[in-house]
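Letter by letter, the chains look like this.
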Amino acid sequence: MTTAAELRRHTRELLAAHPPADTDRLDFLRARFDAGLAWVHYPEGLGGLAAPRALQAVVDAELEAAGAPGNDPRRIGIGLGMAAPTVLQYGTEEQKRRLLRPLWTGEEVWCQLFSEPGAGSDLAALGTRAVRDGDDWVVNGQKVWTSSAHLARWAILIARTDPDVPKHRGITYFVCDMSDPGVEVRPLRQITGEAEFNEVFLTDVRIPDSRRLGEVGDGWRVAQTTLNNERVAIGGTPVPREGGMIGKVAATWRERPGLRTHDTHQRLLGLWVEAEVARLTGVRLRQQLAAGQPGPEGAGMKLTFARLNQEISSLEVELLGEEGLLYDDWTMRRPELVDFTGRDAGYRYLRSKGNSIEGGTSEVLLNIVAERVLGLPAEPRTDKDVAWKDLAR
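To start, this report covers the structure provided alongside it. Note that this is a predicted model, so its numbers are computed, not measured. (Residues numbered from 1 in each chain as written. Predicted model: local features only at pLDDT ≥ 70, side-chain atom pairs only at ≥ 80, totals over all residues. Heavy atoms only, no water.)

**Re the pattern of salt bridges**
Point 1. Scanning the entire structure with this criterion turns up 39 salt bridges.
Point 2. Residue arginine 241 is joined to glutamate 276 by a salt bridge in which the shortest nitrogen-to-oxygen separation is 3.2 Å. Of this pair, arginine 241 sits in the loop between helix H6 (219–235) and helix H7 (244–255) while glutamate 276 is found in helix H8 (residues 262–289), placing the two residues 35 residues apart along the sequence.
Point 3. A residue is classified by how much of its surface remains accessible, and arginine 241, at 54% relative accessible area, is exposed.
Point 4. By relative accessible area, glutamate 276 is classed as buried at 9%.
Point 5. Notably, a salt bridge pairs glutamate 242 with arginine 254, separated by 2.6 Å at the nearest N-O pair. Of this pair, glutamate 242 sits in the loop between H6 and H7 while arginine 254 sits in helix H7; the two residues are 12 residues apart in sequence, bridging distant segments of the chain. (Salt bridge = Lys/Arg side-chain N within 4 Å of Asp/Glu carboxyl O. Helix = DSSP H or I, 4+ residues; strand = E, 2+ residues; numbered from the N terminus. Buried < 20%, exposed > 50% of the residue type's maximum accessible area, 1.4 Å probe, protein only.)

In structure tokens form, the structure reads like this:
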């Protein structure tokens, strides 16, 4: 099933068998997955039809026109954008069939156990240990900045399984059940007042070897699949023209002419153009993805996303003057998703500060763009051939 007409017909058959107005939301999502219309480029039986990725838009348009329910990607973005591609590429058939369906329908939320207090920008320096014990791995360590850990059933986890080799070579990739004994989630209250992030403590957590992704010691290579997809998910999310944060500022500009100045006008024009260029670049990047896995180009999109969000939110606060200093609610909450456009300007300004940290710091992403996109010489490294256990910490 590789043509738009065939997919359109198949989608209409789904709608006829499961009318959105009369079908429970979760039942409809499960039926959509089973029909291969969740992500059409995935294999048959795993939510797809092995069709060209670009044809997903045909399915989405038919479903939207019919008022069909969605799976709320903002709430389950880590599962959709990071865990699913990694499970698909490295998981066993049993893992794919167990994990992908409830991931896509949103029945099981995922989080990402990568960063640590001493291993953020230098992720390969991570110290969480996984020690083999029969058919299990016993994991001990601490992870930090974990979005949605308070909601998650599953986590993608990287841990050190061999301290006697250089840091990139002694890492293994696991799927961790967040409901297992020894997993403790604590909220991290942010400058916004909310705690969408968490720190996670792992104490003698037993993970069966059957929940390992990839080979032992090959976790860094597996993690690159996750990280490349993460940057595309953060920086390359499709938005309409004047969507997102630039739309909020443009609307304020049009509706409240008394706030305008010559300087803010010039800045708004420049940022509007940059936002549109970024949007069109994202369209091109997603077209490239239709031909294969994401590469380092996603790092450039994520860099642009972070910078633009911060500059646009700064302009919005300045444009609003004293009103921009107000803040709607400092209540400590543990939200299910980040809503940049649903809160006030103060929230957008504060929350956007995290955009240059999450998903890889801007400084690290600049190195990735320099080395892997532009082909510039790599920075000198003194730890390349040193065993992890011998590194200065």
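The discussion continues.
**What to know about the pairing of strand E7 (residues 197–208)**
Point 1. By the bridge criterion, seven bridges tie strand E3 (residues 136–143) to E7 in an arrangement that is antiparallel. Directly across from aspartate 136, in E7, lies its bridge partner proline 208.
Point 2. Judged from the six bridges that link them, strand E6 (residues 183–188) and E7 form a sheet pairing that is antiparallel. Bridge pairing in E7 places leucine 188 opposite phenylalanine 197. (Pairing = 2+ DSSP bridges.)

**Topic: the environment of arginine 286**
Point 1. Considering the arrangement of structural elements, one finds arginine 286 in helix H8.
Point 2. A residue is classified by how much of its surface remains accessible, and arginine 286, at 26% relative accessible area, is partly exposed.
Point 3. When the C-alpha atoms of arginine 286 and glycine 298 are compared, they prove to be 9.8 Å apart, with 12 residues separating the residues in sequence.

**Concerning the side chain of glutamine 56**
Point 1. Relative to the assigned elements, glutamine 56 resides in helix H3 (residues 56–65).
Point 2. In this structure glutamine 56 touches Arg32, Leu37, Ala38, Trp39 and Val40, once residues within four positions along its chain are discounted. (Contact = heavy atoms within 4.5 Å.)

Any link to function would need more than the numbers given here.
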